[in-house]
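Listed below, chain by chain, are the residues.
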Amino acid sequence: MYEGNYLAQRLAAAASDSGERIFAHLENGTDLTYTDFFNGAQQYANLLIALGVKPNDRVAVQADKSIQMLQLYIGTVLAGGVFLPLNTAYTASEISYFLEDAQPRVFICEESRAPALQPVADAAQVNVLKTLNADGTGSFATLAEAQAVTFEAVPRSADALAAILYTSGTTGRSKGAMLSHRNLWSNASTLRDTWHFTAQDKLIHALPIFHTHGLFVAINVTLATGSSLIFMQGFNIDQIMAAMPKATVLMGVPTFYVRLLKHAQIEADFVKNMRLFISGSAPLLAETHQSWSKLTGHDILERYGMTETNMNTSNPYAGDRRPGTVGLPLPGVEVRVCDAQTEQLLASNCIGSIEVRGPNVFSGYWNMPEKTREELRDNGFFITGDLGIIDDQGYLSIIGRSKDLIITGGYNVYPKEIEILLDDIDGVLESAVIGLQHADFGESVTAIIVRNPDSLISEDAIKNALQGNLAKYKQPKKIFFIDELPRNAMGKVQKKNLRESFDNQ
Ligand code: AMP
């Protein structure tokens, strides 16, 4: 099936022996077979061709999560196009930037947003706008019904583009990471094997599908295995609890686990059918890892990746899953910690720039040759922008984003070191340490604290608790209290927002 289309051929192969295999258990209680899933994708591919999509044309979509959006992904790949999903939170003016930048042949959005987005598409000279809603309705879906369910896949090589994912843009403008058929397939097959996926697996899918985690990690691994999804609109504790006895794997961000831990019903017996809990996209606190192990008997498997590279490291499936680390390089992926300027490799246990190379690593940023040259070295190593340490056994720990590093009075301060101490103080629920502009020091260390609901812990008490544990220059000069840390859809703390809010205070 799909001969000559590198990614589609491989993704469809696992389930091709039995079309009656279930691809997804849906929220409405019905099941979707692989045959029905691919038939729908083929109708979409026919429609995309009819709408003028040629090889390498972008198909952009901002729509709520649905199976139809996944069919659009596969349909785009079949039609030789480049799938470009956009965060559902983006406003019309943000969408304007993406449409201007990516110049898609087709743009698909929710029907309710079409009146606001039509002028944006017109201004960007994107001539085809169709709609697709979470319930599978919309003008795109209606037009597709008249299309044939058979489709000859458009041939695409391993190096052809399959998708562009824009980075979340926590610092500066969002950049479109260009991902090839090979990038996606190599990672899907590696993760399938590394995490021991089999056709019997049932994966709880509660992540968004505009991001690499919910889209490529979850969906491509499932397709590559011929296993099933338990497909949910979003994260809902009751739904996850109801699905758990029937499921085998959960892929989550750390906040999933933090919230589930508050649920009284979780215990070893309840998760006895589950074989694997995976976490990524943001740091999982060692404390969360340990509490989960104690309660369920399962060690969460933490992995590390990003939009530009897919997944890079994983704690072992069989072997020591170390809390606070993101594990070992995946097979075929090289991970090194070096001095960002000199490119010199650092000894184990030294903090440096994390760089990765492998078939999973993107080919560059769309329309941004300079940014590409800055971040992708000639020898193929991608400068991730993360700081990390590799220990004597080869386990990688993430220290934070290099842009979040604080330089105060000429000294480097790693926020994570201070956050760990702050989080340990009684009365502190969580913390974020940032650098704010300072006339004398350049930047001053500042802590933003969320107190436990019943705590009234004061600034002085926190400062006292840190004294003796931290060099003076690392101690926060100022402490602010807030109710909640700002996080994005993947649970990442938005330090840029914090810096903007607290500068000049
Ligand atoms: P994104 O491109 O939105 O997926 O964000 C990628 C970034 O998320 C990485 O560069 C890391 O800074 C962070 N990240 C991903 N996984 C982890 C993890 N397991 N622990 C800590 N940070 C992570």
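Rules used throughout
- Residues numbered from 1 in each chain as written.
- Predicted model: local features only at pLDDT ≥ 70, side-chain atom pairs only at ≥ 80, totals over all residues.
- Heavy atoms only, no water.
- Helix = DSSP H or I, 4+ residues; strand = E, 2+ residues; numbered from the N terminus.
- Rg over C-alpha atoms; globule rule 2.2 N^0.38 Å.
- Buried < 20%, exposed > 50% of the residue type's maximum accessible area, 1.4 Å probe, protein only.
- Contact = heavy atoms within 4.5 Å.
- Areas by Shrake-Rupley, 256 points an atom, 1.4 Å probe, with all protein chains shown as cover.
- Lys, Arg positive; Asp, Glu negative; His and termini not counted.
- Charge placed at Lys NZ, Arg CZ, Asp CG, Glu CD.
- Pairing = 2+ DSSP bridges.
- Right-handed = clockwise from strand over helix to strand, strands pointing away.
- Axes fitted to C-alpha atoms, helices over the stretch in contact; angles between N-to-C directions.
- Domains from an automatic or database assignment.
- Buried area = accessible area lost by both parts, 1.4 Å probe.
- Salt bridge = Lys/Arg side-chain N within 4 Å of Asp/Glu carboxyl O.
- Nonpolar A, V, L, I, M, F, W, Y, C, P; charged D, E, K, R; others polar.
- Parallel < 35°, antiparallel > 145°, perpendicular 65-115°, else oblique.
- Left-handed = near helix turned anticlockwise from the far one by under 90°.

Engineer: So what exactly am I meant to see when it comes to the overall build of the protein chain here?
Structural biologist: Broken down by element type, the protein chain carries 15 helices and 25 strands. Radius of gyration (C-alpha) of the protein chain: 23 Å, near the 23 Å computed for a compact globule of 505 residues. Across its three principal axes, the protein chain shows a C-alpha extent of roughly 70 × 55 × 45 Å. For the protein chain, the residues scored as buried account for 57% of the 505 residues in total. Taking the contacts inside the protein chain whose residues are at least 6 apart along the sequence as the reference set, 66% of them involve residues at least 24 apart. Element-wise, carbon and sulfur atoms account for 49% of the exposed surface of the protein chain, whose accessible area totals about 20700 Å². The averaged location of the 55 negative side-chain charges in the protein chain is 3 Å from the averaged location of its 42 positive side-chain charges.

Engineer: Explain the pairing of strand 5 (residues 106-109) here, please?
Structural biologist: On any regular strand, side chains alternate: one points to one face of the sheet, the next to the other face. Of the two faces of strand 5, both are covered, the one formed by Val106 and Ile108 as well as the one formed by Phe107 and Cys109. Here strand 3 (residues 58-62) runs beside strand 5; their pairing, made up of four bridges, is parallel. Across the sheet, residue Ala60 finds its bridge partner in strand 5, namely Phe107. Bridge count for strand 5 against strand 6 (residues 128-131) is four bridges, and the pairing is parallel. Residue Ile108 lies in a different strand from strand 6, and its bridge partner there is Lys130. Handedness of the crossover joining strand 5 and strand 6 through helix 5 (residues 114-123) is recorded here as right-handed.

Engineer: Sorry if this is basic, but what is going on with the sheet that holds strand 13 (residues 301-306) here?
Structural biologist: Strand pairing in a sheet relies on backbone hydrogen bonds. The paired strands run either parallel or antiparallel. In spatial order, the strands read 2-1-10-9-11-12-13-14-15; together these nine strands make up an open sheet with mixed pairing. Looking at which strands have only one partner, the edges of the open sheet turn out to be strand 2 (31-33) and strand 15 (328-329). Inspection of the sheet shows strand 11 (residues 249-252) paired to strand 12 (residues 276-279) by four bridges, in the parallel sense. In the sheet register, Leu250 faces strand 12, and the bridge partner there is Phe277. Helix-sheet contacts for helix 8 (residues 212-225) involve strand 1 (22-25), strand 9 (202-205), strand 10 (228-231), strand 11, strand 13 and strand 14 (310-314), and the interaxial angle to strand 9 is about 165°.

Engineer: Could you clarify how one ought to interpret the environment of Gly364 in this entry?
Structural biologist: For Gly364, the location among the structural elements is in strand 18 (residues 364-365). Separated by 56 residues in the primary sequence, Gly364 and Glu308 have C-alpha atoms spaced 8.2 Å apart. In this structure, Gly364 is in contact with Gly176, Ala177, Met178, Thr372 and Leu376, ignoring residues within four places of it in sequence.

Engineer: Which parts of the structure should I look at to understand the side chain of His181?
Structural biologist: Mapping His181 onto the fold places it in helix 7 (residues 181-194). Take His181: its relative accessible area is 0%, and that puts it in the buried class. Once residues within four sequence positions are removed from consideration, His181 is found in contact with Asn5, Tyr6, Leu7, Val77, Arg156, Ser157, Ala158, Ala160, Leu161 and Ala162.

Engineer: What exactly am I supposed to notice about the domain arrangement of the protein chain here?
Structural biologist: Quite often, the size of an interface is put as the accessible area lost when its parts meet. Partitioning the protein chain into structural domains gives domain 1 (6-193), domain 2 (235-401) and domain 3 (405-502). Relative to domain 3, the C-alpha centre of domain 2 lies at a distance of 23 Å. Contact with domain 2, which involves 11 residues of that partner, is made by eight residues of domain 3. Together domain 2 and domain 3 conceal approximately 800 Å² of surface at their shared face, both sides included; 59% is due to carbon and sulfur atoms. Taken together, domain 2 and domain 3 are joined by zero salt bridges. Residues of the side of domain 2 that touches domain 3, tallied by class, amount to seven nonpolar, three polar and one charged.

Engineer: Sorry if this is basic, but what is going on with the pattern of salt bridges here?
Structural biologist: Pairing between side chains of opposite charge can happen when the charged atoms of each approach one another. Enumeration according to the criterion identifies 20 salt bridges in this entry. The salt bridge partner of Asp269 is Lys272, with a shortest N-O separation of 3.8 Å. Classification of Lys272 as exposed rests on a relative accessible area of 65%. Connected through salt bridges with shared partners, the residues Arg336, Glu343, Glu355 and Arg377 form a single ionic network.

Engineer: What's the story with the packing of helix 1 (residues 6-13) against helix 7 in this structure? I'm lost.
Structural biologist: In a packed pair of helices, the relevant descriptors are the angle between the two axes and the axis-to-axis distance. Where helix 1 meets helix 7, the closest approach of the two axes is 8 Å, and the angle between their N-to-C directions is 25°. Judged by the inter-axis angle, helix 1 sits roughly parallel to helix 7. Helix 1 and helix 7 meet at a crossing whose hand is left-handed. Touching Tyr6, Leu7, Arg10 and Leu11 of helix 1 are His181, Arg182, Leu184 and Trp185, all from helix 7.

Engineer: So what exactly am I meant to see when it comes to the sheet that holds strand 16 (residues 334-338) here?
Structural biologist: The four strands lie next to each other as 16-17-19-20, forming an open sheet whose pairing is antiparallel. The two strands at the open ends of the sheet, each matched to only one other strand, are strand 16 and strand 20 (396-401). Pairwise comparison of adjacent strand axes, ignoring direction, gives a mean angle of 45° for this sheet.

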